[in-house]
Amino acid sequence: MKAEEVKQIVRERYGKCAETGGGKESCCCPSEATSLSFAAEHGLYGQEELSLIPKIALNLSKGCGNPTGFTNLQPSEVVVDFGCGAGIDVILAAHKVGPSGKVVGVDGAPQMIERAKESVTEVGLSDRVEFRIADMEQLDLLDSFADVVISNCVINLCPDKSAVYRGAFRILKPGGRLAISDIIYTERIDPQVQERFQSTWAGCVGGAIAEDSYFEIVRGAGFRQIEVVARHPLPSKELEAMVCCPGPEFTPAPAKEDVAVVQGKVTSIKFTAVKPI
Ligand SMILES: C[S@@+](CC[C@H](N)C(=O)[O-])C[C@H]1O[C@@H](n2cnc3c(N)ncnc32)[C@H](O)[C@@H]1O
């Protein structure tokens, strides 16, 4: 599939999911409430954080971690959320940066942005939040605009991951930081299986790449001090949901045999990195 085709499919599938309000089954990592210490250790949402999120954004939450939970956001900071979906992490970031800060949510699916706007309005945070319908591979935000770029289970979906990380580097101020939750392979995958997965690209495994290649891209964009905060190898139930994200009614499930081949080799990682001063 050509890159433009992939992006259109991704946009359509997540757009339809947003229209329906979230689909029948949850995909990606569990968003059920966990204890604060467990959540912090594993880069997941804690109960207190989830209580700040309106139902619409919770139902459409399709992430695999909690990037604002491991970035130490400060009042007045400017945050950009790459692939913000219905706004769960935008809302959490907006609470942390306070009224003098700013959060920009970017997503390619207009229907997701509509949902995100509704969610942010519902919790009264519109004064410090902006949204852009845009392709993260071609962002037109200003150079040195942001203190922090966050992203939650999105970059795996992008055909040109280098373009995404180069863009993040460009819009960050010197000393600015990345906080990313994403899906990678921890072992080499049979190229034929990988090719078949690519036909189910909107699932968060179709565009996943090996961890070493992934971090080469992050370093190649200029980032340093890359630190993996948590990693979570997907157990079979989570993997089955993840391969047809945002839900089986939107993305056809790959063959069971192919899912079995990648079982144990797909991991959700949470990491931070810094743009050198
Ligand atoms: C798995 S969902 C995660 C959404 C959100 N981060 C969350 O945690 O709920 C992926 C999101 O990324 C968006 N997306 C995928 N590729 C994109 C691209 N190239 N540019 C902008 N948004 C993109 C999709 O529209 C979708 O809303």
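Refer to the preceding data block for the structure.
Everything numeric in this text was worked out from a predicted model, so none of it was measured.

Once that is clear, we can look at the pairing of strand S4 (residues 146–152). Along any regular strand the residues' side chains alternate between the sheet's two faces. In terms of burial, S4 is largely enclosed, as seven of its seven residues are buried. The sheet contact formed by S4 and strand S5 (residues 172–185) spans six bridges and is parallel. The partner of isoleucine 150 across the bridge, within S5, is alanine 179. Taking the sense of rotation as the criterion, the β-α-β connection linking S4, helix H7 (residues 161–171) and S5 turns out right-handed.

Looking now at the pattern of salt bridges. Once their charged atoms are close, side chains differing in charge can pair, the charge on each being opposite to the other. Inspection of the entire model under this criterion finds 15 salt bridges. Glutamate 211 is the salt-bridge partner of arginine 231, the closest N and O atoms lying 2.7 Å from each other. In this pair, arginine 231 sits in strand S6 (residues 224–233) while glutamate 211 sits in helix H9 (residues 211–220), placing the two residues 20 residues apart along the sequence. Judged by its relative accessible area of 41%, arginine 231 is partly exposed. Residue class for glutamate 211 comes out buried when judged on its relative accessible area of 18%.

What counts, and at which threshold
- What you see as residue numbers is a count from 1 along each chain, following the sequence as written.
- The predicted origin of the model limits local features to residues at a pLDDT of at least 70 and limits the giving and counting of side-chain atom pairs to 80 or more, whereas totals for whole chains, interfaces and linings rest on all residues.
- Only heavy atoms go into the side-chain values, all of them from the structure, while hydrogens and water stay out.
- Only protein chains enter the area calculation, which uses a 1.4 Å probe; residues under 20% of their type maximum are buried, those over 50% are exposed, and those in between are partly exposed.
- A run of H or I in DSSP counts as a helix once it spans at least four residues, and a run of E counts as a strand once it spans at least two, with each numbered from the N terminus.
- At least two DSSP bridges between two strands are needed for those strands to be called paired.
- When the strands point away from the viewer, a crossover counts as right-handed if the route from the first strand across the helix to the second turns clockwise.
- A pair is scored as a salt bridge if a Lys or Arg side-chain nitrogen falls within 4 Å of a carboxyl oxygen belonging to Asp or Glu.

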